[in-house]
Each structure stands twice: as C-alpha cells, then as structure tokens.
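Summary of structural features
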Amino acid sequence: MKSRIAMVLALALMPAAAVAQKEAPPKPGFHIINETPARVYYRVKMWQGDFAFVQAGKELKIEIPEKVGNLKSVQVEARSGEQWDNCFATVTVGSKLIVTQGRERINCRVDYR
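Remember, predicted model here, so these are calculated numbers, not experimental data. (Residues numbered from 1 in each chain as written. Predicted model: local features only at pLDDT ≥ 70, side-chain atom pairs only at ≥ 80, totals over all residues. Heavy atoms only, no water.)

1. Remarks on the nonpolar core
- Of all hydrophobic cores here, the largest spans 18 residues; its most connected members are Phe30, Ile32, Val76 and Leu97.
- For this core, the elements supplying multiple residues, two or more each, are strand E1 (29-34), strand E2 (40-44), strand E5 (73-80), strand E6 (86-92) and strand E7 (96-101).
- Beyond its immediate sequence surroundings of up to four residues, isoleucine 32 is in contact with Tyr42, Val54, Lys58, Glu59, Leu60, Ile62, Val76 and Leu97. (Core = buried A, V, L, I, M, F, W, Y, C linked by side-chain atoms within 4.5 Å. Buried < 20%, exposed > 50% of the residue type's maximum accessible area, 1.4 Å probe, protein only. Helix = DSSP H or I, 4+ residues; strand = E, 2+ residues; numbered from the N terminus. Contact = heavy atoms within 4.5 Å.)

Written as structure tokens, this is what we have:
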C-alpha cells in the first residue's frame, strides 16, 4: 500500500517538475561573421550609438534588446578597421551578416540559412 501511494505521489509531481525545468526561449538576434583579415567595427542603427568590433575570423551573436520592441529586421553598418570604408545591410532576425574583403572595399552579405 505504501509503495502504491509513493508511486501515485511521484506521478503527480512529475509534470510539475517538468514544467519547472523548461528553458526560456532564445532571445531574438542575429550573427555577425568577420571573414576579413582585420578587425571590423559594427553599429546597429536602431539602438546602438557607438561602434563595437568583431575580431578577424570571429563570429559574434547580437541580441536584440527588449526595449526596442518586436523587430523583424535591423539595419547594420560595418566599417573596416584598416581603411575605414563601410557597408550597410538590412539583417533579419535569425540570419547572419557576413563581412568579407572585396578588391578595394569590404562587402556585406546576408545569409538567411
């Protein structure tokens, strides 16, 4: 009888434990991938005033702050750390902005995969 009560209590508490262990959904954002040989500075036009940077050959995830609301896309400006040439791209949430070295300037392309 005691084992039956213990089993009933364990089954009753299992769904509550499963709900408590649920993870929060990931924050919306996008990735910046720097494929140039130099540091690239970037700025998100909606909320970021100053430029931040991504080291050469690195990837960085940018999370969209809750204070700006439910955005589907943002405009990003990228600048080369060496020549100070720039490019702009409209990046959707969940996509990747890839910065590459062109012949004379840096290039921005958005990968939606």
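2. Some words on the pattern of salt bridges
- One pass over the full model with this rule turns up two salt bridges.
- A salt bridge links glutamate 77 to arginine 43; its shortest N-O distance comes to 2.7 Å. Of this pair, glutamate 77 sits in strand E5 while arginine 43 sits in strand E2, and the two are 34 residues apart along the sequence.
- Of the charged contacts in the structure, one is a salt bridge between glutamate 77 and arginine 79, with a shortest N-O distance of 3.4 Å.
- According to the relative accessible area criterion, glutamate 77 is buried, its value standing at 2%.
- Overlapping salt bridges bring together Arg43, Glu77 and Arg79 as one network. (Salt bridge = Lys/Arg side-chain N within 4 Å of Asp/Glu carboxyl O.)

3. Overview of the side chain of threonine 36
- Among the secondary structure elements, threonine 36 is positioned in the loop between E1 and E2.
- When its relative accessible area of 6% is taken as the criterion, threonine 36 is described as buried.
- A distance of 2.5 Å separates a polar atom in the side chain of threonine 36 from a polar atom in the side chain of asparagine 34.
- Within the local environment of threonine 36, its side chain forms a polar contact with the backbone oxygen of alanine 38, the two atoms lying 2.9 Å apart. (Polar contact = N/O pair within 3.5 Å; in protein donor to acceptor, adjacent residues only side chain to side chain.)

4. Here we look at the pairing of strand E8 (residues 106-111)
- Across six bridges, E7 lies against E8 in antiparallel orientation. Each bridged residue has a counterpart across the sheet, and for valine 99 the counterpart in E8 is cysteine 108. (Pairing = 2+ DSSP bridges.)

5. Structural notes on the confidence of the model for the protein
- On average, residues of the protein score 83 in pLDDT, and 81% of them reach the 70 mark or higher.
- When mean pLDDT is taken per element in the protein, E7 scores highest with 94 and helix H1 (residues 2-20) scores lowest with 61. (pLDDT = per-residue confidence, 0-100.)

6. Quick notes on the sheet that holds E5
- The antiparallel open sheet is built from four strands, whose spatial order is E3-E2-E5-E6. Either end of the sheet is taken by a strand with one partner, and the two such strands are strand E3 (52-54) and E6. On average, adjacent strands in this sheet sit at an angle of 35° to one another, irrespective of strand direction.
- Sheet topology note: the E5/E6 ladder contains seven bridges and is antiparallel. Each residue of the ladder has a partner; that of valine 74, found in E6, is valine 91. (Axes fitted to C-alpha atoms, helices over the stretch in contact; angles between N-to-C directions.)

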